[in-house]
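# Structure assessment
Next come the chains, spelled out residue by residue.
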Amino acid sequence: MRWSRTFLPTMKDTPAEAQIASHRYMLRAGMVRQNAAGIYTWLPLGLRVLTKIADIVRDEQARAGANEVLMPTIQSADLWQESGRFDAYGPEMLRFEDRHGRTMLYGPTNEEMITDIFRREVQSYKNLPLNLYHIQWKFRDEVRPRFGVMRGREFLMKDGYSFDVDEASAALAYKKVFISYLRTFRRLGLSAIPMQADTGPIGGDLSHEFLIQAETGESEVFFDSAISSDPAFTEDLTGDAELEAAFDRLTSAYARTDETHDAALFDQQVPTDRRVVSRGVEVGHIFYFGTKYSDALGATVQNAEGKDVAVHMGSYGIGVSRLVGGIIEACHDENGIIWPTEIAPFGVGILNLKVDDADCTAACDRLYAQAQAAGLDPLLDDRDMRPGGKFADMELIGLPWVITIGPRGLNDGMAELKNRKTGEKHDVAIHAVLAKITG
Ligand code: P5A
């Protein structure tokens with residue numbers, strides 16, 4: 001893309017309403033704009049990142065054997081009356097009436113709806129195990145929406161739902177998602193630590209939250225530092241036995257949030273030098289709730305003995321839009337965002353120092369075309385602006401690489417290549433510069 005033709009409204013000044021780095025940078029880099037409390041428009045730069053995160057989540061869901069569907073945002077209240085959650089969910093659920101006076105709601109989650117789909121379509125254990133997910137907007141009328149997209153009212157979630165004939169296979173389904181989340185977050189450039197969690201309005205008795213460490217995180221976290229070096233964070237596991245062993249290791253080590261923390265147990269289980277007390281952002285949350293919804297809605301399957309049994313279920317969430325903020329919290333400096341390569345909105349920035357110099361502009365255009373052909377997804381800053389402002393904007397939007405071309409270097413066929421993360425700069429021959437990035 002050419003910056004001059006892209007809707008990328010950056011801001012120099014820090015917006016007063018933004019209390020944390022990710023919120024500030026998302027506004028300043030022109031990624032989002034607020035429409036109402038906790039409700040945002042995603043502008044091109046933000047949407048690119050959101051889409052890349054969703055694509056990685058999707059890829060890992062496919063790898064874990066889940067099927068993608070797309071359920072509506074608006075739900076009828078009927079199923080929620082049936083499950084008993086219509087009253088139980090409380091004022092966080094946005095309810096309204098359609099023109100016929102029927103009560104509707106904007107879905108805060110989809111356990112009821114997916115259970116209804118399941119009960120109508122699946123009758124036999126032979127169709128199990130099954131894991132269905134979608135990536136869809138949710139609405140929760142949070143009391144205190146804050147920190148931009150981190151605690152929004154409208155937010156994008158990946159929510160998956162597993163169906164199994166008995167508790168043993170449901171437990172395996174839960175463990176598979178648990179391990180697949182480690183890989184998903186790793187691909188996003190994050191290390192998210194699984195912690196024992198409360199089940200809240202979703203229900204059930206087994207639950208883990210995945211938290212990334214960040215000073216500005218909303219949850220206080222307490223964990224054994226030994227967890228972070230578990231090979232499950234860096235290696236791919238093959239086979240159910242290996243997967244179950246990793247699950248047992250990770251879940252037996254101490255890792256809890258303020259909701260589940262037990263100070264005495266922490267002291268007893270974790271040696272002093274390994275106790276980490278810190279803050280975190282919850283980017284994922286998984287639940288096993290057995291037959292809570294299948295009992296309420298009558299979702300049964302015939303088992304191998306020919307008997308009708310309630311299906312065992314779990315649900316699995318990833319905060320896709322929250323991750324955009326969470327990743328920025330984990331990856332930024334005083335000048336702006338530092339995107340992990342996999343989700344950067346553009347692969348490389350090309351900065352034309354002097355757009356009114358015909359040679360300089362021709363060299364930038366050539367390099368831009370080559371970068372496009374190489375699949376690098378370049379952003380060419382072709383704006384007629386002072387270099388200072390262009391450099392500052394590039395730092396702010398945080399692309400992994402920036403190539404700067406100006407008339408002086410061009411005389412010798414040279415460009416400057418800068419790595420955003422390390423800050424290292426090198427003068428490189430223009431004809432060789434893209435190869436430095438592609439390796
Ligand atoms: C699991 C999937 C559920 O809703 N039902 C379907 C279960 N879990 S959850 O923990 O309540 O939400 C899953 C993830 O969604 C993100 N999230 C939010 N993101 C931004 N703003 C919010 N207000 C918000 N609420 C939840 C979190 O990442 C959470 O882990």
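Residues numbered from 1 in each chain as written. Predicted model: local features only at pLDDT ≥ 70, side-chain atom pairs only at ≥ 80, totals over all residues. Heavy atoms only, no water.

## Let's talk about helix α2 (residues 44–63)
- With 20 residues, α2 should reach 28 Å at 1.5 Å per residue; the first-to-last C-alpha distance of 28 Å fits that figure.
- In the stretch just after α2, Gly65 is the one whose phi turns positive, near 90 degrees. (Helix = DSSP H or I, 4+ residues; strand = E, 2+ residues; numbered from the N terminus. Expected span 1.5 Å × (residues − 1).)

## Here we look at the sheet that holds strand β19 (residues 348–352)
- Within the open sheet, the five strands sit side by side as β20-β19-β21-β22-β23. Their pairing is mixed. Of all strands in the sheet, those with a lone pairing partner are β20 (378–381) and β23 (425–429), marking the two edges. Pairs of neighbouring strands in the sheet enclose a mean axial angle of 25 degrees, with direction left out of account.
- In terms of strand pairing, β19 meets strand β21 (residues 401–405) through five bridges, oriented parallel. When the bridges of β21 are listed, Val348 appears paired with Trp401.
- Along the sheet, helix α12 (residues 387–397) makes contact with β19, β20, β21 and β22 (414–419), crossing β19 at roughly 175 degrees. (Pairing = 2+ DSSP bridges. Axes fitted to C-alpha atoms, helices over the stretch in contact; angles between N-to-C directions. Contact = heavy atoms within 4.5 Å.)

## Quick notes on the side chain of Asn352
- Residue placement: Asn352 occurs in strand β19.
- Leave out the neighbours within four places in its chain, and Asn352 touches Cys360, Thr361, Cys364, Asp381, Lys390 and Ile405.

## Examining the layout of surface pockets
- Volume-wise, the largest pocket comes out at about 920 Å³.
- Per-element tally for the lining of the largest pocket: the top contributor is strand β13 (residues 275–290), with seven residues.
- Of the residues contributing to the lining of the largest pocket, the split by class is 14 nonpolar, 16 polar and 13 charged.
- Put simply, the second largest pocket is a space of about 320 Å³.
- Among the secondary structure elements, those contributing two or more residues to the lining of the second largest pocket are α2, α6 (167–187) and α7 (240–252).
- In terms of residue count, the dominant contributor to the lining of the second largest pocket is α6 (six residues).
- Among the residues making up the lining of the second largest pocket, the classes are represented as six nonpolar, three polar and eight charged. (1 Å grid on protein atoms, 1.4 Å probe; cavity = no way out; pocket = protein on both sides within 12 Å on 5 of 7 lines; lining within 4 Å. Points joined across faces, edges and corners; volume = space filled by probe spheres on them. Nonpolar A, V, L, I, M, F, W, Y, C, P; charged D, E, K, R; others polar.)

## A look at the site of the ligand
- In the neighbourhood of the ligand, 23 residues make up the surrounding shell, with Glu111, Arg140, Glu142, Gly152 and Glu282 lying closest.
- At 2.9 Å, a side-chain N or O of Thr109 approaches a nitrogen atom of the ligand.
- Protein contact buries 95% of the 590 Å² of open area that the ligand shows by itself.
- Put simply, the ligand lies in the largest pocket.
- Elements that contribute at least two residues to the shell around the ligand include exactly β8 (154–164), β13 and β16 (312–319).
- If you tally residues by element for the shell around the ligand, the top one is β13, at five residues.
- Residues of the shell around the ligand, tallied by class, amount to nine nonpolar, seven polar and seven charged. (Near = heavy atom within 4 Å. Polar contact = N/O pair within 3.5 Å; in protein donor to acceptor, adjacent residues only side chain to side chain. Areas by Shrake-Rupley, 256 points an atom, 1.4 Å probe, with all protein chains shown as cover. Sits in = over half its atoms within 2 Å of the grid points.)

## Digging into the pattern of salt bridges
- Under the counting rule described, the total for this entry stands at 34 salt bridges.
- Of the charged contacts, one joins Asp230 and Arg249 as a salt bridge, the two residues approaching to 2.8 Å between their closest N and O atoms. With a gap of 19 residues between them, Asp230 in the loop between β11 (219–224) and α7 and Arg249 in helix α7 connect regions that are remote in the sequence.
- The salt bridge involving Arg383 is made with Asp393; its shortest N-O contact spans 3.0 Å. Placement of the pair is Arg383 in the loop between β20 and α12 and Asp393 in helix α12, with a sequence separation of 10 residues.
- Assessed through its relative accessible area of 10%, Asp393 is described here as buried.
- Three or more residues joined by partner-sharing salt bridges are found here, namely Asp59, Glu60, Arg63, Arg183, Arg186, Arg187, Asp236 and Glu342. (Salt bridge = Lys/Arg side-chain N within 4 Å of Asp/Glu carboxyl O. Buried < 20%, exposed > 50% of the residue type's maximum accessible area, 1.4 Å probe, protein only.)

## A few points about the packing of aromatic side chains
- Tallied over the full model, the rule gives 13 aromatic pairs.
- Arranged with centres 6.2 Å apart and planes meeting at 55 degrees, the rings of Tyr174 and Tyr316 form a pair that is tilted. With Tyr174 in helix α6 and Tyr316 in strand β16, this pair connects stretches of sequence that are 142 residues apart.
- On the numbers, 5.9 Å between centres and 80 degrees between planes, the contact of Tyr181 with Phe185 is edge-to-face. Separated by four residues within a single helix, Tyr181 and Phe185 lie in helix α6, roughly one turn from each other.
- Accessibility expressed as a relative area gives 1% for Phe185, which makes it buried.
- Linked through ring pairs, Tyr174, Phe178, Tyr181, Phe185, Phe210, Phe247 and Tyr316 together constitute an aromatic cluster.
- When the ring centre of Phe86 is taken as origin, the NZ or CZ atom of Arg95, which lies over that ring, is 4.5 Å away.
- One Lys or Arg, Arg383, reaches over the ring of Trp3 and ends 3.8 Å from the middle of that ring. (Phe/Tyr/Trp six-rings, centres within 6.5 Å; stacked < 30°, edge-to-face > 60°. Lys NZ or Arg CZ within 6 Å of the ring centre and 35° of its normal.)

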